[in-house]
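Commentary on secondary and tertiary structure
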Amino acid sequence: MSSYDAEGLAALLPFPQANAHKYSRGKLLLVAGSEPYPGAACMAAYAGQRMGAGYVETFTHADNVAKLQAYRPSLVVRSFEDLLARDTLESAREGRPCAYLVGSGFDAMDSESAHLLLHVLKYANAPVLIDGGAIAGLSGTAARALCRSRHERGLATVVTPHSGEAAVIGRPLGLSGLPQVDYAEELAWEYGAIIVLKGANTVISDGEHSFAMTEGTAALAKAGTGDVLAGMISALLAQGTDPLDACVLGATLHARAGVAAAMKYTDICVTPEDVIDEIPTAVRQTAERGFEAARVREAAETVESAEA
């Protein structure tokens, strides 16, 4: 696992090779946006594009297809029915990585949402990120068993709950009253997943390794910024980034994009769309900090070598 100092984070940035093509840069498949919430699918998909995925395909409610196509003409958009008709889903393979995002803009009480979650967990031979309204579905025995099965097969599952959603999926396990880090670790163990437990500080844990991301800003405390984070992390997964690295890098870039947006618009006025627009700023800052850290380290090593 890479270290998460400035140099280590910069090394994780998925700059494309000179001979890259849209498929080698990773395909992100989103299952997002129930009928009342097309905006969540829009933001997650756009964030995935900004975060570098080479090909972004979105499955959404049939009534939302035209809305997403109009929002971003570069998106490939299909209906939920199209996805459910497939008993094989796209798999990650050498030179053509991919990942799935399920749940942004889902209605947690909708039976279709639960059906879509189970379908992806059962058939996707690729990393899967579970967000939004799909998270509640994990509290069911079938979904939890599929997560464990994926873990045993070496397939990464990432879950991105806020504290309320974490309480829902922790309740069947008897989890309550734990500190944030301990709660994330327990959920990770029980579900065989990487947990990104969002809050004023965000904790990322795979059950063995835990990290706190403390660079956030209150400007991100608005509906929709979680969809942006989900799109960013899943885009990194789609590009073949190690799952734990993808979660730490995605959460850090999301926070830095929020800070950059707040510098322009103040903590009061930032919108999720502003955060997406500042992803390039966050990427550039992270690359520059890494370059500067490497320069300082190399200078220090030169001095030490001369003194030896």
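The present account deals with the structure reproduced in this document. (Residues numbered from 1 in each chain as written. Predicted model: local features only at pLDDT ≥ 70, side-chain atom pairs only at ≥ 80, totals over all residues. Heavy atoms only, no water.)

1. Here we look at helix H10 (residues 243–269)
- Over its 27 residues, H10 runs only 32 Å from end to end, short of the ideal 39 Å by more than 12%, given 1.5 Å per residue.
- The sharpest bend along H10 measures roughly 95° and falls at methionine 263.
- Residue aspartate 242 occupies the N-cap position of H10, its side-chain oxygen lying 3.2 Å from the main-chain nitrogen of leucine 244. (Helix = DSSP H or I, 4+ residues; strand = E, 2+ residues; numbered from the N terminus. Expected span 1.5 Å × (residues − 1). Bend = angle between axes of the 7 residues up to and from the residue. Polar contact = N/O pair within 3.5 Å; in protein donor to acceptor, adjacent residues only side chain to side chain.)

2. Thoughts on the sheet that holds strand E6 (residues 157–159)
- In space, the nine strands of this open sheet follow the order E3-E2-E1-E4-E5-E6-E7-E8-E9, with mixed pairing throughout. Only two strands of the sheet have a single neighbouring strand rather than two, namely strand E3 (76–79) and strand E9 (210–213). Put simply, the sheet's adjacent strands are angled 15° from each other on average, direction ignored.
- The pairing of strand E1 (residues 27–31) with strand E4 (residues 98–102) spans five bridges and is classified as parallel. Note on E4: the bridge partner recorded for lysine 27 is cysteine 98.
- Lying on the sheet, H10 is in contact with E6, strand E7 (194–197), strand E8 (202–205) and E9; it crosses E9 at an angle near 10°. (Pairing = 2+ DSSP bridges. Axes fitted to C-alpha atoms, helices over the stretch in contact; angles between N-to-C directions. Contact = heavy atoms within 4.5 Å.)

3. Description of the pairing of E1
- Counting buried positions along E1 gives five out of five residues, so the element sits mostly inside the fold.
- A two-sided burial pattern is seen for E1, the buried positions comprising Lys27, Leu29 and Val31 on one face and Leu28 and Leu30 on the other.
- Bridge count between E1 and strand E2 (residues 55–60): five bridges; the pairing is parallel. Counterpart to leucine 30 in the pairing with E2 is threonine 58. (Buried < 20%, exposed > 50% of the residue type's maximum accessible area, 1.4 Å probe, protein only.)

4. Quick word on the packing of aromatic side chains
- All told, the structure shown has four aromatic pairs when counted by the stated rule.
- Considering the side-chain rings of tyrosine 46 and tyrosine 71, the 6.1 Å spacing of their centres and the 80° angle between planes classify their relative orientation as edge-to-face. Of this pair, tyrosine 46 sits in helix H2 (residues 38–50) while tyrosine 71 sits in helix H3 (residues 65–71), and the two are 25 residues apart along the sequence.
- The class of tyrosine 46 is buried, set by a relative accessible area of 10%.
- Taking 5.9 Å as the distance between ring centres and 85° as the angle between the ring planes, the aromatic pair formed by phenylalanine 80 and phenylalanine 106 counts as edge-to-face. Taken together, the positions of phenylalanine 80 in helix H4 (residues 80–84) and phenylalanine 106 in the loop between E4 and helix H5 (111–123) put the pair 26 residues apart, joining distant regions of the chain. Take phenylalanine 80 and phenylalanine 106: they sit in the same class, and that class is buried.
- Directly above the ring of tyrosine 55 sits lysine 27, whose terminal nitrogen or CZ lies 4.6 Å from the centroid.
- Cation over ring: arginine 96 sits above tyrosine 23, and NZ or CZ is 4.5 Å from the ring centre. (Phe/Tyr/Trp six-rings, centres within 6.5 Å; stacked < 30°, edge-to-face > 60°. Lys NZ or Arg CZ within 6 Å of the ring centre and 35° of its normal.)

5. Topic: helix H12 (residues 279–307)
- Taking 1.5 Å per residue, 29 residues should reach 42 Å; H12 reaches 42 Å between its end C-alpha atoms and fits that length.
- Among all positions of H12, only Ile279, Ala282, Val283, Thr286, Gly290 and Ala294 are buried.
- Of the surrounding elements, those touching the buried residues of H12 are helix H1 (6–12), H2, helix H9 (225–238), H10 and helix H11 (272–277).

6. Some thoughts on the pairing of E7
- Along E7, one buried face is formed by Ile194 and Val196 and the opposite face, lined by Ile195 and Leu197, is buried too.
- Examined bridge by bridge, E7 and E8 share three bridges and lie antiparallel to one another. Across the sheet, residue leucine 197 finds its bridge partner in E8, namely valine 203.
- Turn length for the E7-E8 hairpin, with the two strands adjacent in sequence and antiparallel, is four residues.

7. Looking at the pattern of salt bridges
- Enumeration according to the criterion identifies 10 salt bridges in this entry.
- Ionic pairing is found between glutamate 215 and arginine 256, a salt bridge with its closest N-O pair at 2.8 Å. Taken as a pair, glutamate 215 in the loop between E9 and H9 and arginine 256 in helix H10 lie far apart in primary sequence, 41 residues in all.
- In this structure, a network of salt bridges that share partners links the residues Lys27, Glu57, Arg78 and Glu90. (Salt bridge = Lys/Arg side-chain N within 4 Å of Asp/Glu carboxyl O.)

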